[in-house]
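Descriptive analysis of the structure
Each chain is listed here by its residues.
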Amino acid sequence: MSTLEAYNMAFKNGLELEDDVVLEEMKLGESTEWDSIGHMTLIAEIEDAFDVYIDSDEMTEFHSYQSGIALLQRLGVDIRS
Amino acid sequence: MTFISIEFLLFLTIIVGTYYVVPHRFRWVLLLLASYVFYATLSIQFIPLLLISTAFTHVIGILIEKQEKKEQKKRLMWVGVSVLVFFLGWFKYFNFVNDSLRSFAAWSGFDYDVPYKEIVLPLAISFYTFQAISYVVDVSRGKQKAERHYGYFSVYFAFFPQLVAGPIERAKKLLPQLKTEQHLDYDNISYGIQRIIWGFFKKTLIADRLAPIVASVFNSPDPTGSEIVLATMLFSIQLFADFSACSDIAIGCARLLGIRLSENFKQPHFAVSIADFWNRWHITLSMWLRDYIFMPLAKGKKKREQIYGAILATFLVSGIWHGAAWNFVLWGLIHGIYRVFGDHTKQQREKMASWVGFDRVPTLHRWWKIAITFQLVCFSRVFFQSHSMAEAFSHAKLYVTPSSWAPSGMIQAIQMFSLLDLIIFLVVFVVVHLFQHIERTKGSAWDWMARQSAVTSVAINLFLIVSAFLFGVSGQGFVYGGF
């Protein structure tokens, strides 16, 4: 599984999303699933999937699908398909 | 010397005047002296505790930073947090725990002979302890460098504008500002004065005018249901006016010195949900609880249901922080339950709103949510305001009894206002709502004020000052000053 697929999988599992959701357009607070509680479950999934630690400041930086990729890249995870 | 006094205004004028005259390298001495003098005028007997807490936090911060291993840092962090919590616990919670254990022993037939101790709550201890804990934790996490300059650190710990009732500031925001040379700036002085005037207006014309009316109902041995409903809603307005006025004055005083404190309120009674309410009410406490209680507890949890426990625990801490009594514990728990229930039923509520047709009229839907949230907050405040659990339950029962909401009863309850009070509240209501309308439509009422001509600006401020002088009442301390 590529890192991009793992990232998408973490998103779907963390936020309990249906298969037809367009992940690339997702933003924190703009969907029922990705609210402040969903954010915590998503962070837990991503930490597990990539074996990284995301601290509280980084959690606030992570506010969209794209910013999550940028954050992971900064933490040393190369997200690619 | 409280914020609402001529003495404080004179004190502030002298400090601000001197601040811009003395060289930057000596300003921390002035701010430290001012902070300790201010605290001493309110609670001189607890100056030693403030000094000990400051010294302890300073030393433990440096010791934590000197440790090489993460585990050692963490261990020392826990020592620091435990000692700070012990200080807070001893003064604030000893008698609460003692009384609770005694009651439990009497109920269960055990012997319990720890006597009652006469312990006075040190002023501001809840605020400066939380600020100290955030510093110690941030140093251990590597997010904050341990401050080596004892003077600047002491000013951060006891900065007089926010010492008594916040905003609860993080070291990374306040310390760099204290160390930066601030220059006399017209915008800062003008903004600071306006925030102070606005704070005085809200405190003397709303909070302190409402306080005796609310107290007359909650102190009454047999209030009617309608009186409880009306007094509880008025208490919500009183509490907001009181606490936000305190924050306005704190922010204004700091700005006169060129220092920007965090905002503590964002029109909380226009919140559309309980989660939204806590993003708008006592924001610096909410952020503190989020970062140092909720996130560590919720970290690593992959199911929403697992996070509910963290939410309930966080709101329990919030309740206990507010007061050492079971009614505050219950108040916190009620908010936790609101939050969990709100999350668990979100999808069903959305479906129901859609079925009713609310999704076709979003404005109506929004105001419906605002009204429901306000009522939920008011109901919880029955527990916040009552003097005992028995009284709280009795008042809560009255609050939810349908007959308490009957128009005839409400009209009778309004008679608790004098005609003068009623006229003043109507005028103030219009003024405050104009302010809030500007906030909602223009972004910031203060930026809007800055764009007005000098004549308009002076006229508005004169109106606020004259109103406060003519019709304002004072003499009540700030509600949150007692926490």
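Residues numbered from 1 in each chain as written. Chains lettered and ligands numbered in written order. Predicted model: local features only at pLDDT ≥ 70, side-chain atom pairs only at ≥ 80, totals over all residues. Heavy atoms only, no water.

1. Some words on the pattern of salt bridges
The final tally for this structure, using the stated rule, is 20 salt bridges over all chains. Where K346(B) meets D35(A), a salt bridge forms, and the shortest distance between an N and an O atom there is 2.4 Å. Residue K346(B) is located in helix α15 (residues 346-356), and its partner D35(A) is located in the loop between α1 (3-15) and α2 (36-50); the two belong to separate chains. On the accessibility criterion, D35(A) (12% relative accessible area) is buried. Note that R195(B) is salt-bridged to D248(B), the shortest N-O span being 2.7 Å. Here R195(B) is found in helix α9 (residues 186-218), whereas its partner D248(B) is found in helix α10 (residues 225-256), with 53 residues between them in sequence. A relative accessible area of 3% means that R195(B) is categorised as buried. (Salt bridge = Lys/Arg side-chain N within 4 Å of Asp/Glu carboxyl O. Helix = DSSP H or I, 4+ residues; strand = E, 2+ residues; numbered from the N terminus. Buried < 20%, exposed > 50% of the residue type's maximum accessible area, 1.4 Å probe, protein only.)

2. So, helix α12 (residues 283-298) of chain B
Helical periodicity: at 3.6 residues per turn, an α-helix aligns residues three or four positions apart in one direction. The end-to-end C-alpha distance of α12(B), which contains 16 residues, comes to just 20 Å, noticeably less than the 22 Å that a straight helix rising 1.5 Å per residue would cover. When the local axis directions of α12(B) are compared, the greatest deviation, roughly 40°, occurs at R290(B). Within α12(B), burial applies to I283(B), T284(B), L285(B), S286(B), W288(B), L289(B), D291(B), Y292(B), I293(B), F294(B), M295(B) and A298(B). Looking at the buried positions of α12(B), the neighbouring elements they touch are α2 and α3 (56-61) of chain A together with α5 (125-141), α11 (274-278) and α13 (304-322) of chain B. (Expected span 1.5 Å × (residues − 1). Bend = angle between axes of the 7 residues up to and from the residue. Contact = heavy atoms within 4.5 Å.)

3. Considerations on the packing of aromatic side chains
All names here are of chain B. Under the defined criterion, the tally for this structure stands at 51 aromatic pairs over all chains. Where F3 meets F8, the ring centres are 4.9 Å apart and the plane angle is 50°; that geometry is what we call tilted. For F3, a relative accessible area of 4% puts it in the buried group. Take F8: its relative accessible area is 0%, and that puts it in the buried class. With centroids separated by 5.0 Å and ring planes inclined at 85°, the aromatic side chains of Y19 and Y20 adopt a geometry described as edge-to-face. The class of Y19 is buried, set by a relative accessible area of 2%. Overall, the relative accessible area of 17% leaves Y20 in the buried class. An aromatic cluster is built from F235, F240, F243, F265, F277, W278, W281, F315, F328, W331 and F384, whose rings are joined through pairwise contacts. Over the ring of Y191 we find R255; its NZ or CZ atom is 4.1 Å from the centre of that ring. (Phe/Tyr/Trp six-rings, centres within 6.5 Å; stacked < 30°, edge-to-face > 60°. Lys NZ or Arg CZ within 6 Å of the ring centre and 35° of its normal.)

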